Amino acid sequence: MAGTVPALQGKPHISAERNKNTASSGAVKWTLIGLAALVMLWLIVLPLISVLYEALKQGLGVYVAAITDPDAMSALRLTLLVALITVPLNTLFGVTAAWAITKFRFKGKGLLTTLIDLPFSVSPVIGGLMYVLIYGKRGWFGPWLDDHNIHIVFALPGIILATLFITFPFVARELIPLMEDQGQQEEEAAVTLGAKGWKVFWHITLPNIKWGLLYGIILCNARAMGEFGAVSVVSGHIRGETNTLPLHVEILYNEYQFSASFAVASLLLLLALVTLVLKAWFTRKHSH
């Protein structure tokens, strides 16, 4: 009995220490949450609100006129067209690259993985400049293209190439770690049972990666529609022809048409919000 007295006397002390640690950790948690909320409010929420405020500052009529302007509509169509072309191509490349890297052993796998990450480490402006140096009038293939009346730089093909370069890592980088975590057991079992390559992919691999694939496609699409630097270099800023929405916003702003520029920017904001909602939904589905 004498030996139990210290233990009984120590329990309130341990409980008090535990409550103290819990209160301390709770204070730290709410302090960090508050700081994060303030940073998000300052860096993201307030700028978004300011865009909408400036867009509607001069009234709904000015806003509608700005977004229905022929040049704005042309920029919107071009933006959607570029996304419609580049996203499927990058999806095909991303799935192929991820499948090759995670399912096969071959020389140069590390180099391929590094090259996939290259657009993340290169400035978009440099990416656009590379295509000017290759396909411009004084570039490597410029004279030959000019002789055959083929226009790449300052035309739609150049915008597509620049957007492809900037966006092609997104699908691959989303799928590679996912497919590495899943392993190859199910595919190997299907092959053992007599399934061929495409059948294995459609019935085993694709269902397992579908949510990650959709997530990568959404990110790729968001970057394709919002890309500015690389497209700005190769587009030529031809109004009504080679201006995407981000470039059209810049032109309006430089011309001191502030309400019109913010009105067009709100279209990009709307596309970004739709992308964010889809991203959150796919993330939740993937986590389940």
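Computed from a predicted model, the values in this text were never measured in an experiment.

Conventions used here
Residues numbered from 1 in each chain as written. Predicted model: local features only at pLDDT ≥ 70, side-chain atom pairs only at ≥ 80, totals over all residues. Heavy atoms only, no water. Helix = DSSP H or I, 4+ residues; strand = E, 2+ residues; numbered from the N terminus. Rg over C-alpha atoms; globule rule 2.2 N^0.38 Å. Buried < 20%, exposed > 50% of the residue type's maximum accessible area, 1.4 Å probe, protein only. Contact = heavy atoms within 4.5 Å. Areas by Shrake-Rupley, 256 points an atom, 1.4 Å probe, with all protein chains shown as cover. Arc of directions from axis to C-beta. Core = buried A, V, L, I, M, F, W, Y, C linked by side-chain atoms within 4.5 Å. Expected span 1.5 Å × (residues − 1). Bend = angle between axes of the 7 residues up to and from the residue. UniProt positions renumbered as here; feature names shortened; annotations may be inferred. Axes fitted to C-alpha atoms, helices over the stretch in contact; angles between N-to-C directions. Parallel < 35°, antiparallel > 145°, perpendicular 65-115°, else oblique. Left-handed = near helix turned anticlockwise from the far one by under 90°. Nonpolar A, V, L, I, M, F, W, Y, C, P; charged D, E, K, R; others polar. pLDDT = per-residue confidence, 0-100. Salt bridge = Lys/Arg side-chain N within 4 Å of Asp/Glu carboxyl O.

Right, let's talk about the overall build of the chain for a bit. In terms of helices and strands, the chain carries 13 helices and 0 strands. Its helices and strands in sequence order give the chain the pattern α-α-α-α-α-α-α-α-α-α-α-α-α, from N to C terminus. Scaling as 2.2 N^0.38, a compact globule of 288 residues should have a C-alpha radius of gyration of about 19 Å, whereas the chain reaches 26 Å, well beyond that. Taken along the three principal axes of its C-alpha coordinates, the chain extends 105 × 65 × 30 Å. For the chain, buried positions account for 34% of its 288 residues. Excluding contacts between residues fewer than 6 apart, the proportion of contacts in the chain whose partners are at least 24 apart in sequence is 71%. Surface accessibility of the chain: about 17,500 Å² in total, with carbon and sulfur atoms responsible for 69%.

All of the buried residues along helix α2 (residues 60-67) are Y63, A66 and I67. End-on view of α2: buried residues confined to an arc of 90°, all on one side of the axis.

We now examine the nonpolar core. I116, I159, L175, I176, I209 and L213 are the most contacted members of the largest nonpolar core, which has 35 residues in total. Mapped onto this core, the elements with two or more residues apiece are α3 (70-103), α7 (156-167), α8 (169-182), α10 (197-226) and α11 (229-235). Ranked by residue count, the leading element in this core is α3, at 8 residues. With residues near it in sequence (within four places) discarded, I176 still touches A98, I101, T102 and I116. The next biggest cluster of nonpolar side chains, apart from the first, holds 17 residues, and it includes V51, Y63, A265 and L268.

Further remarks concern α10. Over its 30 residues, α10 runs only 37 Å from end to end, short of the ideal 44 Å by more than 12%, given 1.5 Å per residue. By the largest-angle criterion, K210 marks the main kink of α10, which is about 60°.

Before going further, it helps to spend a moment on the UniProt feature "transmembrane region" (unreviewed entry) in the chain. The residues that UniProt annotates with the feature "transmembrane region" (unreviewed entry) are residues 30-53, 78-102, 114-136, 148-172 and 258-282. A helix fraction of 100% and a strand fraction of 0% characterise residues 78-102, whose end C-alpha atoms lie 35 Å from each other. Spanning residues 148-172, this segment combines 64% helix with 0% strand, and its end C-alpha atoms are found 35 Å apart.

A few words on the UniProt feature "domain: ABC transmembrane type-1" (unreviewed entry) in the chain. Those places that UniProt annotates as "domain: ABC transmembrane type-1" (unreviewed entry) correspond, in this numbering, to residues 76-279. Taken end to end, residues 76-279 comprises 79% helix and 0% strand; its first and last C-alpha atoms sit 22 Å apart.

Before going further, it helps to spend a moment on the packing of α3 against α7. Interhelical geometry of α3 versus α7 gives an angle of 50° and a closest axis separation of 9 Å. Here α3 lies oblique to α7, going by the angle between them. Between α3 and α7 lies a crossing of right-handed hand. On the side of α3, the interface is formed by L78, L81, V82, I85, T86, L89 and N90, while α7 contributes L156, I159, I160, T163, L164 and T167. Here the residues of the contact of α3 with α7 are counted per class, giving 9 nonpolar, 4 polar and no charged.

Should pLDDT be low for a region, the predicted coordinates there are not to be read in detail. Confidence in the prediction of the chain, expressed as mean pLDDT, is 84, and 90% of residues score 70 or more. Of all the helices and strands in the chain, helix α1 (residues 4-55) carries the lowest mean pLDDT, 73, while α7 carries the highest, 93.

For the rest of this paragraph, the subject is the pattern of salt bridges. Summed over the entire model, instances satisfying the criterion amount to 5 salt bridges. One salt-bridge network, in which partners are shared between bridges, spans D71, R239 and E255.

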